[in-house]
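Working through the structure, step by step
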Amino acid sequence: MDFGRVAVDQSIVLYLFGTPGQDRFGFMWNDLVRGALGAVVLVDSRRIEDSFPALDYFEHRNLPFVVAVNRFDGSVFHSPDAVREALSIAPHVPVLTTDARSRAMVKETVLSLLDVALAQAKARARKG
Amino acid sequence: MLQITPAANERSLMLSFERASIVGLCRFDIISVAELSARLRLPIGVVRVVASDLVVEGLLEAFLPSLTVAEDVDLITRLIEGVRAL
């Protein structure tokens, strides 16, 4: 499991936990989602089908998530639209391109997730 | 969020490795389960279980925030501003 920790300001620390997406690692996900703000499903564009278990998992949970298609060597094998279709991703779930090695692109991915989280939190606040 | 109790001082010498490590880190400050998982390089599920055992046994005290993170519009907004500034 990968782990990252970022001090965002004086009083907020952001923790990032990563697991492989294949089915056999599913037992870890329940632990990680408890108390989590959201999730990024990182798709390997050379092995798109490996992401089915993770997508299935998050689509059935009430947790904000986005799908990020990871680039390798600067080239994307499939566009976000093609990935959305191939993986039958619901229309309201953001699908974006990212490069896990690029700080700027990872930041954009996290911000996309936080936008979804904010929208959900506001919707909850309106209800309650 | 976890903090050591007075009882822990007397009993900590008898704790096994993970339990001693967790109690040790809780000694100096209130610390979150996620932070413990990071510092000790233990899976977060393991830390949760061991820490809750330690709470039940009276060695640690647990504090819960009043709002869960998922409902906290202010926190998420601050987080967005903070991440943008990184």
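Once a new chain begins, its residue numbering starts again from 1 and follows that chain's sequence as written. As they are written, the chains are lettered A onward and the ligands numbered 1 onward, keeping that order. It should be noted that, the model being predicted, local features are given only for residues of pLDDT at least 70 and side-chain atom pairs only at 80 or more, the latter also being counted only at that level, while totals for whole chains, interfaces and linings use all residues. Based on all heavy atoms of the structure, the side-chain values leave hydrogens and waters out of the count.

**Remarks on the interface of chain A and chain B**
How big an interface is tends to be reported as the loss of accessible area on association of its parts. Counting residues at the interface gives 29 residues for chain A and 23 residues for chain B. Carbon and sulfur atoms supply 70% of the area buried between chain A and chain B, which totals about 2,300 Å² over both sides. Basic side-chain nitrogens of Lys or Arg form a salt bridge, by our definition, when they fall within 4 Å of a carboxyl oxygen of Asp or Glu. Arg5 of chain A is the partner of Glu35 of chain B in a salt bridge, and the nearest nitrogen-oxygen pair spans 3.0 Å. Under the rule applied, a polar contact is a pair of N or O atoms within 3.5 Å (in protein, one hydrogen donor and one hydrogen acceptor; residues adjacent in sequence only if both atoms are side-chain atoms). The tally of links from chain A across to chain B stands at seven residue pairs in polar contact (both at pLDDT 80 or more). Strands here mean DSSP runs of E at least two residues long; helices mean DSSP runs of H or I at least four residues long; both are numbered from the N terminus. Elements that contribute at least two residues to the side of chain A that touches chain B include exactly β1 (2-7), β2 (13-18), α1 (27-33) and α4 (103-127) of chain A. The criterion used for residue contact is that any of the two residues' heavy atoms lie within 4.5 Å. Once two parts are put together, the accessible area they lose, assessed with a 1.4 Å probe and summed over both, is termed the buried area.

**A word on helix α2 (residues 52-59) of chain A**
All names here are of chain A. Along α2, the residues classified as buried are Ala54, Leu55, Tyr57 and Phe58. What you see down the axis of α2 is that its buried residues fit within an arc of 160°, all on one side. On its buried face, α2 sits against α1, β3 (39-44) and β4 (65-70). In this scheme, a residue with accessible area under 20% of its type's maximum is buried, one over 50% is exposed, and one in between is partly exposed, where area comes from a 1.4 Å probe on protein chains only. Summarising the geometry, the arc corresponds to the directions from the helix axis toward the C-beta atoms.

**Things to note about the environment of Leu55 of chain A**
Residues and elements named next belong to chain A. Mapped onto the fold, Leu55 is located in helix α2. In this structure the C-alpha to C-alpha distance between Leu55 and Ser45, which are 10 residues apart in sequence, comes to 15 Å. In this structure Leu55 touches Val41, Phe65, Val67, Leu87 and Ile89, once residues within four positions along its chain are discounted.

**Topic: the packing of helix α2 (residues 17-26) of chain B against helix α3 (residues 33-40) of chain B**
Residue and element names in this part refer to chain B. The convention used is that axes are lines fitted to C-alpha atoms, helices contributing only their stretch in contact, and that angles between N-to-C directions extend from 0 to 180 degrees. The interhelical angle for the contact between α2 and α3, taken along N-to-C directions, is 120°, at an axis separation of 11 Å. Taken together, α2 and α3 sit at an angle that is classed as oblique. Regarding α2 and α3, the two cross each other, and that crossing is right-handed. Contacts from Ser21, Ile22, Leu25 and Cys26 in α2 reach Leu36, Arg39 and Leu40 in α3. Classifying every residue of the contact of α2 with α3 by side-chain character gives five nonpolar, one polar and one charged. Any angle between 65 and 115 degrees counts as roughly perpendicular, while under 35 counts as roughly parallel, over 145 as roughly antiparallel, and the rest as oblique. Note on convention: near helix rotated counterclockwise from far helix by under a right angle means a left-handed crossing. Clockwise means right-handed. In this classification, Asp, Glu, Lys and Arg are treated as charged, Ala, Val, Leu, Ile, Met, Phe, Trp, Tyr, Cys and Pro as nonpolar, and every other residue, Gly included, as polar.

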